[in-house]
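Residue strings, one per chain:
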Amino acid sequence: MMADSVTFIFLNAAIVNNFVLAMFLGICPFLGVSAKRDTALSMGLAVIFVMLVSSICAYGINWILKYLHIEYLRLICYIAVIASAVQLVEMTMKKFSPTLFRALGIFLPLITTNCAILGVALFQTSREYNFVQSLAFSLGAGVGFTIALLLMAGLRQQLELAKVPNVSQGAALTLMLAGLLSLTFMGFAGLGAQHG
Amino acid sequence: MASLPNQQETITLDTFLRGLWQENPVFVMLLGMCPVLAVTNSAINALAMGLASTFVLVASNSLVSLMRHFIPKQVRIATYIIIIATFVTMVDYAIQAISLELYNALGAFIQLIVVNCMILGRAEAYASKQRLGATIINGLGIGAGFTFALLCLGIVREILGAGSLFGFDLFGDQFQPWVVMILPPGGFFVLGAWLLLFNWLRTRREAKLLETEGAPHDG
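The numbers attached to residues start from 1 for each chain and follow its sequence in the written order. Labels are handed out in written order, letters beginning with A for the chains and numbers beginning with 1 for the ligands. Local features in a predicted model are, by the rule used here, given only for residues with pLDDT of at least 70; side-chain atom pairs are given and counted only at 80 or more, and totals for whole chains, interfaces and linings are based on all residues. Here the side-chain values reflect all heavy atoms present in the structure, with hydrogen atoms and water set aside.

**Regarding the overall build of chain B**
Alright, step 1. A run of DSSP states H or I qualifies as a helix once it reaches four residues; a run of E qualifies as a strand once it reaches two. Both are numbered from the N-terminal end. A tally of regular secondary structure across chain B gives eight helices and two strands.
Alright, step 2. In chain B, the succession of α and β elements from N to C terminus is α-α-α-α-α-α-α-β-β-α.
Alright, step 3. By principal-axis analysis of the C-alpha atoms, chain B measures approximately 60 × 60 × 25 Å.
Alright, step 4. Only protein chains enter the area calculation, which uses a 1.4 Å probe; residues under 20% of their type maximum are buried, those over 50% are exposed, and those in between are partly exposed. Going through the 219 residues of chain B one by one, you find that 47% of them count as buried.
Alright, step 5. Put simply, 74% of the contacts in chain B that link residues at least 6 apart link residues at least 24 apart.
Alright, step 6. Once the 12 positive and 13 negative side-chain charges of chain B are each reduced to a mean point, those two points are 12 Å apart. Any pair of residues with heavy atoms lying within 4.5 Å of one another is described as a contacting pair. For the charge count, each Lys or Arg is scored as positive and each Asp or Glu as negative, with His and the chain ends excluded. To locate a charge, take atom NZ for lysine, CZ for arginine, CG for aspartate or CD for glutamate.

The following block contains the structure:
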């Protein structure tokens, strides 16, 4: 089956159904941290890491919950795991790269409330991916998030030099840009269409 | 939020109205954007999402407000999240029981209410400091503001993208729908357009205020 192959899942999550631009997950950091290219890149890497860790944990937790027949606790368990994974990344980063830690600022603890990460955990459960597929899916989603963030940061840095009317400065302009970017990514839709 | 950080707020009409307009979570504070963009491809989805979020916001913030003296400062965020997750699980199962069709349309976004920064933000900035009454009224206001914003988007997108409103056909067969409006880019465009409109209104009002500043002020 083509649709189950690891490469397909990876590409689907990264480009065809890009998490930010096609599924609207992780919009807050996408609008908040996309002002500069290097912070965007490090934010993307942090998100990829947290996604991988929480995806692995979510897979294990789901197995235990199914075994004990207490699936209704899934949401609470997932969010607790994600919060701890974020804490882990925060401590590691503070130790090894204090400058990066300061640059990301408030957005690092806010990864906890990044819906893309909980989204990955929930989607891999509802689509019943096996372990390897889950890994490919979360990696793809993280890479897709980073691509979107980088593209947006590049656009916004260019735009700083442009003269725009006063009313459209700030969030409104960023959203319009995101709309154009999203329109561009729709072009990839044909790639995954026949497989759903 | 910023005006009285550590004092108890007395309940006035403003406690409610502020969330609807001045501190509107979507148009002014830009919080909780993901569901705003994702589920507003039709007006009915937008309304359901708004009501579900309002319920979670009011219920979880009331509990936070009641327990504000018992929650240790260090673990407060984790506690808030678990309280929110509990109510979201309830809403999730309730919607599934009421309308499976709606549940499928909203998809994972009901469960993703947990990570709506608006709710956590209100718990941290308001509910953890205020009495129960004020929290409920303020929560209702913010929730109404959120629902209002979702409807603003949902109505525009459904009319342009499908030619209907709440499922009723508006224009007849002649209408050629703008399919892009129901697709993801439409969400970004419509929200951007609303923000432009509100920005424009705000700058115009500020300009007016500046003009009348020289005149004798009577409010």
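**Observations regarding the interface of chain B and chain A**
Alright, step 1. Counting from both sides, the interface comprises 35 residues of chain B and, opposite them, 34 residues of chain A.
Alright, step 2. Buried area: the sum, over both parts, of the accessible surface (1.4 Å probe) that disappears when the two are put together. Summing both partners gives a buried area of about 3000 Å² for chain B against chain A, and 87% of it is carried by carbon and sulfur.
Alright, step 3. On the chain B side of the interface with chain A, the three residues burying the most area are B:Cys34, B:Val115 and B:Phe188, jointly 22% of the side's total.
Alright, step 4. The working definition used for a salt bridge is a side-chain nitrogen of Lys or Arg within 4 Å of a carboxyl oxygen of Asp or Glu. Summed over the shared surface of chain B and chain A, the number is zero salt bridges.
Alright, step 5. Under this definition, polar contacts are N or O atom pairs within 3.5 Å; protein pairs additionally need one hydrogen-donor-capable and one acceptor-capable atom, and for neighbouring residues in sequence, both atoms have to be side-chain atoms. Connecting chain B to chain A are zero residue pairs in polar contact (both at pLDDT 80 or more).
Alright, step 6. Where the side of chain B that touches chain A is concerned, the elements lending two or more residues are α2 (33-38), α4 (76-98), α6 (117-127) and α8 (184-212) of chain B.
Alright, step 7. Examining the composition of the side of chain B that touches chain A, we find that twelve residues originate from one element, α8(B), more than from any other.
Alright, step 8. Grouping the constituent residues of the side of chain B that touches chain A by class yields 28 nonpolar, seven polar and no charged. Just so you know the grouping, Ala, Val, Leu, Ile, Met, Phe, Trp, Tyr, Cys and Pro go in nonpolar, Asp, Glu, Lys and Arg go in charged, and all remaining residues, Gly too, go in polar.

**Examining the environment of A:Ala171**
Alright, step 1. Along the polypeptide, A:Ala171 turns up in helix α8 (residues 171-186).
Alright, step 2. Through-space distance from the C-alpha of A:Ala171 to that of A:Leu31 is 7.7 Å; in sequence the pair is 140 residues apart.
Alright, step 3. What A:Ala171 contacts, discounting residues up to four positions off in sequence, is B:Leu30 and B:Leu195.

**Here we look at the packing of aromatic side chains**
Alright, step 1. Each aromatic pair joins two rings of Phe, Tyr and Trp (for Trp, the six-membered one) with centres within 6.5 Å, and gets the label stacked for planes under 30 degrees apart, edge-to-face for over 60, and tilted for any other angle. Enumeration over the complete set of coordinates arrives at eleven aromatic pairs over all chains.
Alright, step 2. Pairing B:Phe27 with B:Trp194 gives two aromatic rings, centres 6.2 Å apart and planes at 35°, and the pair type is tilted. Within this pair, whereas B:Phe27 is found in the loop between α1 (13-20) and α2, its partner B:Trp194 is found in helix α8, the two being separated by 167 residues in sequence.
Alright, step 3. Taken together through their ring pairs, the aromatic side chains of A:Phe19, A:Phe123, A:Tyr129 and A:Phe137 make up a single cluster.
Alright, step 4. To sit over a ring, a charge needs its Lys NZ or Arg CZ within 6 Å of the ring centre and within 35 degrees of the ring normal. Taking NZ or CZ as reference, B:Arg204 lies 5.0 Å from the ring centre of B:Trp200, over its face.

**As for the packing of helix α7 (residues 132-162) of chain B against α8(B)**
Residues and elements named next belong to chain B.
Alright, step 1. Orientation is described by axes fitted as lines to C-alpha atoms, over the contacting stretch for helices, and by angles from 0 to 180 degrees between their N-to-C directions. Look at α7 against α8: their axes get within 10 Å of each other, and the N-to-C directions meet at 120°. Between α7 and α8, the angle falls in the class oblique. Helix-helix and strand crossings are classified by hand; for α7 and α8 the assignment is right-handed. Within the contact between the two elements, α7 uses Cys-152, Leu-153, Val-156 and Arg-157 and α8 uses Gly-186, Gly-187, Val-190, Leu-191 and Trp-194.
Alright, step 2. Within the contact of α7 with α8, the residues separate by chemical class into six nonpolar, two polar and one charged. Relative orientations are named as follows: roughly parallel for angles under 35 degrees, roughly antiparallel for angles over 145 degrees, roughly perpendicular for angles from 65 to 115 degrees, and oblique for any other angle. Should the near helix be turned anticlockwise from the far one by less than a right angle, the crossing is left-handed, and should it be turned clockwise, the crossing is right-handed.

**Some points on α4(B)**
Alright, step 1. How far a helix is expected to stretch is found by multiplying one less than its residue total by 1.5 Å. For α4(B), spanning 23 residues, the distance from its first C-alpha to its last is 33 Å, which sits close to the expected 33 Å at 1.5 Å a residue.
Alright, step 2. Listed as buried for α4(B) are B:Tyr80, B:Ile81, B:Ile83, B:Ile84, B:Ala85, B:Phe87, B:Val88, B:Thr89, B:Val91, B:Asp92 and B:Ile95.
Alright, step 3. As for α4(B), its buried residues are in contact with α4 (74-96) of chain A together with α3 (43-66), α5 (100-106) and α6 of chain B.

**Concerning the confidence of the model for chain B**
For any part of a model where pLDDT is low, the fine detail of the predicted coordinates should not be relied upon.
Residues and elements named next belong to chain B.
Alright, step 1. For chain B, the average pLDDT comes to 83, and 94% of its residues sit at 70 or higher.
Alright, step 2. Here residues 1-5 scores under 50 on pLDDT; set against residues more than four positions off or in separate chains, the count is six contacts.
Alright, step 3. The complex model carries a pTM of 0.83, and its ipTM stands at 0.80. Along the chain, pLDDT gives the predictor's confidence residue by residue, from 0 to 100.

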